[in-house]
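Given next are the chains, with one letter for each unit.
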Amino acid sequence: MTRTAHRIRTSATATAAAAVLFAVAGCSSSGGGSGEAAGGVPVVKKGKLTTCTHLPYPPFQSEQNGKVVGFDVSLIDLVAKNLKVEQKILDTPFENFKTGAFLNSGQCDLAAAGMTITDERKKNVDFSMPYFDATQALLATKKSGVTSLADLKAKGKKLGAQAETTGESYAKGQGFNPVAFESSDAVLNGLRTGQVDAVIIDYPVVQGWLKNKANADEFALGENISTGEQYGFSVKKGNTKLLDAINKAITDAKADGTYNKLYEEWIGPLPKAHS
């Protein structure tokens, strides 16, 4: 998601790690316990690159036909392939990403969750180079007639946002008290059921929702809100070997065109500056 100060998903009431799902990349070795991947990169589970995320958050990560897929997943698959291991994905509460709890406890090697890089988060985790420029968007029901946050405020309509995200923080910074939803699915459901009249969330998420005709018929895109946010993958502080491997995969993907192909596959047309 995009935001200004805080970032992404689950509220404190969220349950702990849910299903363990797998995204395959390259060759892998078997066995339990910690180990090392190619190049001496430490991993918490031998033969695996364990990624913490919070589902669902399409187009960055979501489950389709029993498998977790998305833009983030595909990029980390490239890292796993280079390290000659297999990516293993854990669905976990988002508040732990901000503190680095799952990284520090050795449950995960990295976090990939459409997560905005912020100074606050940098106190607890180390971020990769930015891999995505993000903006917020306002999506409203057509019957509300809302096209902007100013319009929403003037009409006294209700605003929703995903809990613990930079979208929620931005809304609060603009004087709103948004209804907080645990996940992006819950945000959309809140809009559908009339709990709120509009929501603020990352623009790529809105793009994905509006590909569905039923959503496009019922909801209208309002203003895009540029907050200068960028997404990064996070690792435990001091894990420079894995951080270097992640940065190399991103750099190589941008150089050989793989990044652009994945962007178009999962998100849509490239911004003009990248075309």
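Model, not experiment: these values are computed from the prediction.

Engineer: Describe in detail the sheet that holds strand β14 (residues 219-231), supporting the description with residues and values.
Structural biologist: Pairing is mixed in the open sheet, where 5 strands are placed in the order β12-β11-β13-β10-β14. Among the strands making up the open sheet, the edge pair consists of β12 (179-181) and β14. With strand direction ignored, the average angle separating the axes of adjacent strands in the sheet is 25 degrees. When strand β11 (residues 159-162) meets strand β13 (residues 198-202), the two strands line up parallel, connected through 3 bridges. Bridged to L159 within β13 is A198. Sheet contacts for helix α6 (residues 166-173): β10 (132-141), β11, β12, β13 and β14; angle to β11, the most-contacted strand, approximately 145 degrees.

Engineer: Summarise the packing of helix α1 (residues 71-82) against helix α11 (residues 258-266); cite the residues concerned and give the values.
Structural biologist: One way to put it is that α1 packs onto α11 with a least axis distance of 9 Å and a crossing angle of 155 degrees. Comparing the axis directions of α1 and α11 gives the class roughly antiparallel. Between α1 and α11 the crossing geometry is right-handed. Residue-level inspection shows F71, S74, L75 and L78 of α1 in contact with α11, the latter providing T258, Y259, L262, Y263 and W266. The residue makeup of the contact of α1 with α11, split by class, is 7 nonpolar, 2 polar and no charged.

Engineer: Give me the state of the cysteines: which residues, what numbers.
Structural biologist: Counted under the stated rule, the structure contains 1 disulfide. Between the sulfur atoms of C52 and its disulfide partner C108 the distance amounts to 1.9 Å. Taking the sign of the S-S torsion, 55 degrees for the link of C52 and C108, the bridge is right-handed. With C52 in strand β4 (residues 48-53) and C108 in the loop between α3 (101-104) and β8 (110-111), this residue pair connects regions lying 56 residues apart in the sequence. Judged by relative accessible area, C108 falls into the buried class, the value being 2%.

Parameters and conventions
- Residues numbered from 1 in each chain as written.
- Predicted model: local features only at pLDDT ≥ 70, side-chain atom pairs only at ≥ 80, totals over all residues.
- Heavy atoms only, no water.
- Pairing = 2+ DSSP bridges.
- Helix = DSSP H or I, 4+ residues; strand = E, 2+ residues; numbered from the N terminus.
- Axes fitted to C-alpha atoms, helices over the stretch in contact; angles between N-to-C directions.
- Contact = heavy atoms within 4.5 Å.
- Parallel < 35°, antiparallel > 145°, perpendicular 65-115°, else oblique.
- Left-handed = near helix turned anticlockwise from the far one by under 90°.
- Nonpolar A, V, L, I, M, F, W, Y, C, P; charged D, E, K, R; others polar.
- Disulfide = S-S within 2.5 Å.
- Buried < 20%, exposed > 50% of the residue type's maximum accessible area, 1.4 Å probe, protein only.

The analysis is restricted to geometry; functional conclusions fall outside its scope.
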